[in-house]
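Now for the letters of each chain:
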Amino acid sequence: MMTYVPRRKTIRDITELPDSFRTLKGYDGLVEREMGDGALEIEDHAGVLKSGTWRIQVVGANDPREGLDEVDPLISLALMANAAMQLEARLEQYARFCRSEGKTWTQIGEALGMSKQAAWERFSGED
């Protein structure tokens, strides 16, 4: 039996967040930089992160056939999978924290580019 995984809309830049996010604390502090090849880096320079920060950065060629002489594609695949697992753990942590702060599943879904039902199924921890 196949499990249906809802496809989410990838938010490519800050301007694609819902308009309601523009009024949220910290929105104006976001800085977006073009990193080349259409990649974006988004930083928050608010200076409020006193407990430290974390970063996941994965750099790879757009064409997976590039660099085959130097790196086996399985190495790249493993690195990407590790980054995805770390990011998934942080998404879950932040989604649960948003709920504890009174945010709705609709708001969480909007932030992630998915429906409230998809957000609930993915992060609620309930069956």
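Refer to the structure printed above.
Everything in this summary refers to the structure shown in the same document.

Quick notes on the rules
Residues numbered from 1 in each chain as written. Predicted model: local features only at pLDDT ≥ 70, side-chain atom pairs only at ≥ 80, totals over all residues. Heavy atoms only, no water. Buried < 20%, exposed > 50% of the residue type's maximum accessible area, 1.4 Å probe, protein only. Helix = DSSP H or I, 4+ residues; strand = E, 2+ residues; numbered from the N terminus. Arc of directions from axis to C-beta. Contact = heavy atoms within 4.5 Å. Core = buried A, V, L, I, M, F, W, Y, C linked by side-chain atoms within 4.5 Å.

Thoughts on helix H2 (residues 105-112)
And then number 1: All buried positions along H2 are accounted for by Trp105, Ile108, Gly109 and Leu112. Taken down its axis, H2 places every buried residue within 100° of arc, on the same side.
And then number 2: Elements that come into contact with the buried residues of H2 comprise helix H1 (73-100) and helix H3 (116-123).
And then number 3: At the C-terminal side of H2, glycine 113 shows a positive phi close to 70°.

Section: the environment of lysine 116
And then number 1: Tracing the sequence through the fold places lysine 116 in helix H3.
And then number 2: Looking at lysine 116, the relative accessible area reads 52%, which means it is exposed.
And then number 3: Residue contacts for lysine 116: discarding those within four places in its chain leaves Trp105 and Thr106.

Brief notes about the environment of proline 18
And then number 1: Relative to the helices and strands, proline 18 resides in the segment before strand E1 (30-36).
And then number 2: A residue is classified by how much of its surface remains accessible, and proline 18, at 23% relative accessible area, is partly exposed.
And then number 3: Linking proline 18 and glycine 113, residues 95 residues apart in sequence, is a C-alpha distance of 9.2 Å.

Quick word on the nonpolar core
And then number 1: Formed by Ala95, Trp105, Ile108, Leu112, Met114, Ala118, Ala119 and Phe123, the largest nonpolar core amounts to 8 residues.
And then number 2: Secondary-structure elements contributing two or more residues to this core are H2 and H3.
And then number 3: Once residues lying within four places of it in the same chain are set aside, the contact partners of alanine 119 are Trp105, Ile108, Gly109, Met114 and Ser124.

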